[in-house]
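Descriptive structure summary
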Amino acid sequence: MLHDELTTTQHLLELDRAHVWHPYGPMPAAITAQLVESASGVRLTLAEPLGGHRELIDGMSSWWAALHGYNHPVLNAAVRGQLERMSHVMFGGLTHEPAIRLAARLVEITPEPLQHVFLADSGSVAVEVAMKMCLQYWQSVGRPEKRRLLTWRGGYHGDTFHPMSVCDPEGGMHQLWGGVLPQQVFVPEPPAGFDAEVDQEYAALLADTVERHAAELAAVIVEPVVQGAGGMRFHSPGYLTLLRRLCDEHGVLLVFDEIATGFGRSGALFAADHAAVSPDVMCLGKALTGGYLTMAATLCTGELAAGISRGAVPVLAHGPTFMGNPLAAAVANASIDLLLGQDWLTEVKRIEDGLRTGLAGLAGAPGVLDVRVQGAIGVVQLDHPVDMAGATEAAAREGVWLRPFRDLVYTMPPYVTQDADLARITAGVAAAAVAG
Ligand code: PLP
């Protein structure tokens, strides 16, 4: 490929359509992707205008990740500084300060029982590791029959095979994988509403299901408080308290997948904090590196690690090539310092207020089923599947980048989004909801 041939936007996009898979896309792509030239603060700069704008305010934080915005001087400096020392070294037999500091920091800021950290290279792998930890724990302590997982419907935990098995059966397209995915135990979606009372009928169903399956259950795995890609639904932290009690009573491990909710997004540093409960295993990702590089983490308790280490195979059998990548760890450390060095909760609440105010007018609008806000997450649920191309274009006309899916137009802006830009984001959501 001659270099010159690659210079025009048109040609790049042709190559993109011909050769590049995009998330959940057909080949070739049905919709041409937008070419991004750069990103700074909360703005993406496109090669060509969309909806009349080349600069779009990012209402998605690159899928929950870029909580400080783009091209941030502090995060850039952390990457550059680490790059001068080393970008990567293997983690087998070697270690380094960025990873050590990160692990210690994560242990410090997550619930106290979580003591050990596995640094994985994506959220799905972190969930794989979490599930492997649980199954291996029960094998090691002489209960190999405990190898199923229980979860509630409407969840999303990633796209590799074991995580897919605990995604919502419809959203996760289980029908495509009959005979391939492990068969897990499902209960209905938790009743909606962060502020709603715990539904006693649902609680009884949960208790009964955990009890009936306890002998074969390795763990319960859920996204606490916010179910993300499975439907953008919120539920009461009371269900987390209930799950903790049920798991304790019946000898089942509890896994919280905080890959989307971690680092303040739901209005607490971790969604588990809303209920003041600790899981046995917690997965983090997405915002871990401030959206700069791919890295995720699986944390577990001392008891779980000790159990695994007492087994016939006394090691955790997982070790990706790019485990603990120093660049990613260095920028994760800088991102956490940046977040915790400011009054992040006030910023998240400011975004929450702006979303509530800006989206309130959509409640009851034609085609709108529900409007809900929790922390720095705003959701408009339609009563029909969204026209993704039309809705994306309508948001872009307001100068905003959104990526609606299914029947949902939603936003989780970077925490640094200022009020005027936030008002434009909510205008973009409204335009997308009407057009969609
Ligand atoms: N778990 C949750 C709750 C998620 O939201 C996601 C991604 O959307 C994942 C796991 C998978 O993470 P990744 O896309 O980094 O593999």
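Data block above holds the structure.
Moving on: the side chain of D168. Along the chain, D168 turns up in the loop between α6 (161-165) and β6 (185-187). When its relative accessible area of 9% is taken as the criterion, D168 is described as buried. Not counting residues up to four positions away in its chain, the partners in contact with D168 are R153, G154, G155, M173 and H174.

With that settled, consider the site of the ligand. As a matter of local geometry, the ligand sits amid S122, G123, S124, Y156, H157, G158, E223, D257, I259, A260 and K286. Within the side chain of S124, a nitrogen or oxygen atom sits 2.7 Å from an oxygen atom of the ligand. Contact with the protein chains hides 80% of the accessible area of the ligand, taken as 400 Å² for the molecule alone. Taken together, the residues of the shell around the ligand sort by class into three nonpolar, five polar and three charged.

What follows concerns helix α14 (residues 419-435). The end-to-end C-alpha separation of α14 is 24 Å, in line with the 24 Å expected for 17 residues at 1.5 Å each. Along α14, the positions that sit buried rather than exposed are D421, L422, I425, T426, G428, V429, A431, A432 and A433.

Attention shifts here to the packing of helix α4 (residues 97-109) against helix α11 (residues 326-340). How two helices pack is summed up by the angle between their axes together with the distance between the axes. Contact geometry for α4 and α11: axes closest at 8 Å, N-to-C directions at 40 degrees. By the criterion of interaxial angle, the relationship of α4 to α11 is oblique. Pair α4 / α11 crosses with left-handed handedness. Of α11, the residues touching α4 (which contributes P98, A99, R101, L102, R105, L106 and I109) are P326, A329, A330, A332, N333, I336, D337 and L340. Classifying every residue of the contact of α4 with α11 gives eleven nonpolar, one polar and three charged.

The geometry of an aromatic ring pair is captured by the separation of the ring centres together with the interplanar angle, meaning the angle of the planes. Taken as a whole, this structure holds five aromatic pairs when the rule is applied. Ring plane angle 85 degrees and centroid distance 5.5 Å describe the contact between Y202 and Y239, whose orientation is recorded as edge-to-face. Within this pair, whereas Y202 is found in helix α7 (residues 200-213), its partner Y239 is found in helix α8 (residues 238-250), the two being separated by 37 residues in sequence. Overall, the relative accessible area of 7% leaves Y202 in the buried class. With 5.4 Å between their ring centres and 75 degrees between their planes, F405 and Y410 make a pair best called edge-to-face. Judged by its relative accessible area of 5%, Y410 is buried. The side chain of K146 reaches across the aromatic face of W138, ending 4.5 Å from its centre.

This part is about the pairing of strand β1 (residues 36-40). On any regular strand, side chains alternate: one points to one face of the sheet, the next to the other face. One ladder, built from four bridges, connects β1 with strand β2 (residues 43-50); its direction is antiparallel. The residue bridging S38 from the neighbouring strand is T45, located in β2. Linking two consecutive strands that pair antiparallel, namely β1 and β2, is a turn of two residues; a positive phi of about 60 degrees is found at G41 within it.

Okay, the sheet that holds strand β3 (residues 53-58) next. Strand order in the open sheet made by the four strands is β1-β2-β3-β15, with mixed pairing throughout. Either end of the sheet is taken by a strand with one partner, and the two such strands are β1 and β15 (400-401). Running at roughly 100 degrees to β3, α14 makes contact with β2, β3 and β15 of the sheet.

Moving on, we come to helix α1 (residues 9-19). When we look at burial in α1, the residues that qualify are T9, H11, L13 and D16. In this fold, the buried residues of α1 make contact with β2.

This part takes up the pattern of salt bridges. Summed over the entire model, instances satisfying the criterion amount to 21 salt bridges. One salt bridge in this structure joins R148 and E216, with 3.0 Å as the shortest N-O distance. Of the two residues, R148 sits in strand β5 (residues 148-152) while E216 sits in the loop between α7 and β7 (217-222), which places them 68 residues apart along the sequence. The shortest N-O distance in the salt bridge between D168 and R153 comes to 2.8 Å. Of this pair, D168 sits in the loop between α6 and β6 while R153 is found in the loop between β5 and α6, placing the two residues 15 residues apart along the sequence. Judged by relative accessible area, R153 falls into the partly exposed class, the value being 26%. A network of salt bridges, in which partner residues are shared, links R101, R105, E108 and D337.

Turning to its location among the elements, K146 is positioned in the loop between α5 (123-140) and β5. Although K146 lies buried, it forms no salt bridge, and the closest oppositely charged side chain, E145, sits 6.9 Å away as judged by the N-O distance. Setting aside its immediate chain neighbours within four residues, K146 contacts W138, A214, A215, E216, L217, A218, H250, G251 and V252.

Once that is clear, we can look at the environment of L75. Tracing the chain through its elements places L75 in helix α3 (residues 73-85). We classify L75 as buried; its relative accessible area is 0%. Taking the C-alpha atoms as reference points, L75 and V331, separated by 256 residues in sequence, lie 5.8 Å from one another. Setting aside chain neighbours within four positions, we find L75 in contact with H68, G290, Y292, V331, A334, S335 and L338.

About the criteria used
- Residues numbered from 1 in each chain as written.
- Predicted model: local features only at pLDDT ≥ 70, side-chain atom pairs only at ≥ 80, totals over all residues.
- Heavy atoms only, no water.
- Helix = DSSP H or I, 4+ residues; strand = E, 2+ residues; numbered from the N terminus.
- Buried < 20%, exposed > 50% of the residue type's maximum accessible area, 1.4 Å probe, protein only.
- Contact = heavy atoms within 4.5 Å.
- Near = heavy atom within 4 Å.
- Polar contact = N/O pair within 3.5 Å; in protein donor to acceptor, adjacent residues only side chain to side chain.
- Areas by Shrake-Rupley, 256 points an atom, 1.4 Å probe, with all protein chains shown as cover.
- Nonpolar A, V, L, I, M, F, W, Y, C, P; charged D, E, K, R; others polar.
- Expected span 1.5 Å × (residues − 1).
- Axes fitted to C-alpha atoms, helices over the stretch in contact; angles between N-to-C directions.
- Parallel < 35°, antiparallel > 145°, perpendicular 65-115°, else oblique.
- Left-handed = near helix turned anticlockwise from the far one by under 90°.
- Phe/Tyr/Trp six-rings, centres within 6.5 Å; stacked < 30°, edge-to-face > 60°.
- Lys NZ or Arg CZ within 6 Å of the ring centre and 35° of its normal.
- Pairing = 2+ DSSP bridges.
- Salt bridge = Lys/Arg side-chain N within 4 Å of Asp/Glu carboxyl O.
- Lys, Arg positive; Asp, Glu negative; His and termini not counted.

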